[in-house]
Amino acid sequence: MSLLVVGLSHRTAPVGVLERAALTGDSPARVLHEAAASATVAEAALVNTCNRIELYADVDKFHAGVAELSQLLAGHSGVDLDELTPHLYVHYEDRAVHHLFSVACGLDSMVVGEGQILGQLRDALAKAQEEHTAGRGLNELFQQALRVGKRAHSETGIDKAGQSLVTFGLEQVAASAGPIAGKRALVVGAGSMSSLAAATLVRAGVGELLIANRTSARAERLVEILGGGAAARTLEFAKVPQALADVDLVISCTGAAGTVIGAPEVAAALAARSADAPLAFLDLAMPRDVDHAVHGLPGALLVDLESLSHAHAATPGAGDVDAVSTIVADEVEAFGQAQRAARIAPTVVALRAMASEVVSSELARLTARLPDLDERSRAEFSQTVRRVVDKLLHAPTVKVKQLAAEPGGASYAEALRELFDLDPAAVHAVSGTPIGAQAGSSIPAGGIPAAQAAVAPPAGVTG
């Protein structure tokens, strides 16, 4: 597998660009299908969160892959390719694996160490499986990323300091609007982020909790899961504007393409409120649910992804970050070795199969020339010949597996195929993978900007 990732995140793009580039509705499924249908791409998976859009693919050519994935992201977003390109990053092969493992561990999150990304990666893999765009390569890669993320959280203290975006956002709200306990809260949406927000509010001790969702059944299900805690109940989605005057805090995270709560609606609610405390909004949607103009309304507090990106979260200690970085580096090396070793296995199997055929052919020839040979002698001849072949092949095959685990190891498989004149079809029959798959290569930390990637592939990679 030649892994390529093209994406943008809160680290490379302003919130305004992320908002316009957000993939909503059926766009994620269309991106996956169009990627997989490309002659350049064998498998595809999409990580699509509120502050990250990344397209992972198994590609046969670097240049063509970068161009294809970049055009797909632009074509299904609200941002032209020329405007989007400066914000895109590109990682290839080992650097792509390193990036995904770092993301899984929370090292690349807006709130370093948060564990919610693991669920988002799990959802990304499930979506690719559901759309039949993830094959063996991406399945193994994402499953390993999930294991690495779990290992980082279990072996270091990064999860103790790392917060979810919901927790961090509520801390920012509380800093300006006072403690969450006892407040009347409204959650708009019933997806994974909204469910996390509702559960977090219950744990924080809100006095009343309303759940509104376009599909009422999902809101009812969320209330059922919460067990009626904090007097949780559903609210008709159409009644959200009227409810604004009666609550203290609104958390919104829907998949809507436009704003769900407008500034005029908030202004009307503020006029009808008698409370002295501000009406607080935590908008975790991308694109945003709450009109940005709410920032300018007296009596309203709006905390959104843009303000969160500028806030300074309490980050884990340097020791925990270093420990997780070490885990990531070790896991990337181990994954790379396993992948490189797996690439040579079909060649070794094909070599041994060829040797077995030669032995069988020669034993058949011996039997034809010595028809009077008794069964005991024939069996002894057969065992001796096979033992000789096994001994001759043992050292080279063990050694070539060791060498293949190192960077550039694919060249040893090619050497074996050339030296023993192995039939390419035989190797392909064992692996199901075309011969000549490119070896792993590395890109400097931080990836390659997409604009540069269009003209300069990693060393040793052909377009």
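Residues numbered from 1 in each chain as written. Predicted model: local features only at pLDDT ≥ 70, side-chain atom pairs only at ≥ 80, totals over all residues. Heavy atoms only, no water.

Asks: Looking at this structure, I do not really get the overall build of the protein. What am I missing?
Replies: Along the backbone of the protein there are 19 helices and 11 strands. The 463 residues of the protein split such that 50% are buried. Counted over contacts in the protein with a minimum sequence separation of 6, partners at least 24 positions apart contribute 73%. Carbon together with sulfur atoms contributes 54% to the accessible area of the protein, which is approximately 20700 Å² in total. (Helix = DSSP H or I, 4+ residues; strand = E, 2+ residues; numbered from the N terminus. Buried < 20%, exposed > 50% of the residue type's maximum accessible area, 1.4 Å probe, protein only. Contact = heavy atoms within 4.5 Å. Areas by Shrake-Rupley, 256 points an atom, 1.4 Å probe, with all protein chains shown as cover.)

Asks: Which parts of the structure should I look at to understand the side chain of Asp283?
Replies: With respect to the secondary-structure elements, Asp283 resides in strand β9 (residues 279-283). Buried charge without a partner: Asp283 forms no salt bridge, and the closest opposite charge is Arg288, 5.8 Å away. A polar atom in the side chain of Asp283 sits 2.9 Å from the backbone nitrogen of Asp289. A polar contact of 2.9 Å, which involves the side chain of Asp283, links it to the backbone nitrogen of Val290. Not counting chain neighbours up to four residues away, the residues in contact with Asp283 comprise Ser252, Arg288, Asp289, Val290, Leu302, Val303, Asp304 and Leu305. (Lys, Arg positive; Asp, Glu negative; His and termini not counted. Salt bridge = Lys/Arg side-chain N within 4 Å of Asp/Glu carboxyl O. Polar contact = N/O pair within 3.5 Å; in protein donor to acceptor, adjacent residues only side chain to side chain.)

Asks: Help me understand the confidence of the model for the protein, please; the structure alone is not making it clear to me.
Replies: As a note on interpretation, predicted positions should not be read in detail where pLDDT is low. Confidence along the protein averages 85 in pLDDT terms, with 87% of residues attaining 70 or more. Ignoring residues within four places in sequence, the model shows residues 459-463, a span with pLDDT below 50, making 10 contacts including any to other chains. (pLDDT = per-residue confidence, 0-100.)

Asks: Explain the pairing of strand β6 (residues 208-212) here, please?
Replies: Put simply, side chains in a regular strand alternate between the two faces of the sheet. The buried fraction of β6 amounts to 4 of the 5 residues, a majority that puts the element mostly inside the structure. Pairing of strand β5 (residues 184-188) with β6, which is carried by 5 bridges, proceeds in the parallel orientation. Paired with Leu186 across the bridge in β6 is Leu210. On the question of chirality, the crossover connecting β5 to the parallel β6 by way of helix α10 (residues 192-204) is right-handed. (Pairing = 2+ DSSP bridges. Right-handed = clockwise from strand over helix to strand, strands pointing away.)

Asks: Hey, could you run me through the nonpolar core in this one?
Replies: As a rule of thumb, nonpolar side chains are buried together in soluble globular proteins. Among the nonpolar cores identified, the biggest contains 67 residues, and Leu201, Leu209 and Leu284 are the most heavily contacted of them. The residues contacting Leu284, other than those within four sequence positions of it, are Cys50, Leu165, Val166, Met193, Ile251, Ser252, Cys253, Leu305 and Leu308. Counting 35 residues, the second largest nonpolar core, distinct from the first, contains Leu100, Val103, Val112 and Ile117. (Core = buried A, V, L, I, M, F, W, Y, C linked by side-chain atoms within 4.5 Å.)

Asks: I would appreciate a short explanation of helix α13 (residues 263-272) in the present structure.
Replies: In an α-helix, one turn spans 3.6 residues, which is why side chains three or four residues apart end up on the same side. Looking at α13, one finds that the buried residues are Ala263, Val266, Ala269 and Leu270. An end-on view of α13 places all buried positions within 120 degrees of arc, on one side of the element. Opposite the packed face of α13, turned more than 90 degrees from it, sit the exposed residues Pro264, Ala271 and Ala272. Looking at the buried side of α13, the elements it contacts are β9 and β10 (300-304). (Arc of directions from axis to C-beta.)

Asks: How should the environment of Ala96 be read in this particular structure?
Replies: By the secondary structure assignment, Ala96 is in helix α5 (residues 94-104). The spatial distance from the C-alpha of Ala96 to the C-alpha of Leu3 is 6.5 Å, given a sequence separation of 93 residues.

Asks: Just checking my understanding: could you explain the packing of aromatic side chains for this structure?
Replies: Each pair of aromatic rings is reported with the distance of its centres and the angle of its planes. If you walk through the whole model with that rule in mind, you get 3 aromatic pairs. Ring geometry for Tyr56 against Phe142: centres 5.5 Å apart, planes inclined by 80 degrees, an arrangement best described as edge-to-face. Here Tyr56, found in strand β3 (residues 52-59), pairs with Phe142, found in helix α7 (residues 136-155); they are 86 residues apart in sequence, far enough to count as distant. Where Phe62 meets Tyr92, the ring centres are 5.0 Å apart and the plane angle is 70 degrees; that geometry is what we call edge-to-face. Separated by 30 residues along the polypeptide, Phe62 in helix α3 (residues 62-75) and Tyr92 in strand β4 (residues 89-92) bring together distant segments of the chain. Note on Tyr92: relative accessible area 0%, which makes it buried. (Phe/Tyr/Trp six-rings, centres within 6.5 Å; stacked < 30°, edge-to-face > 60°.)

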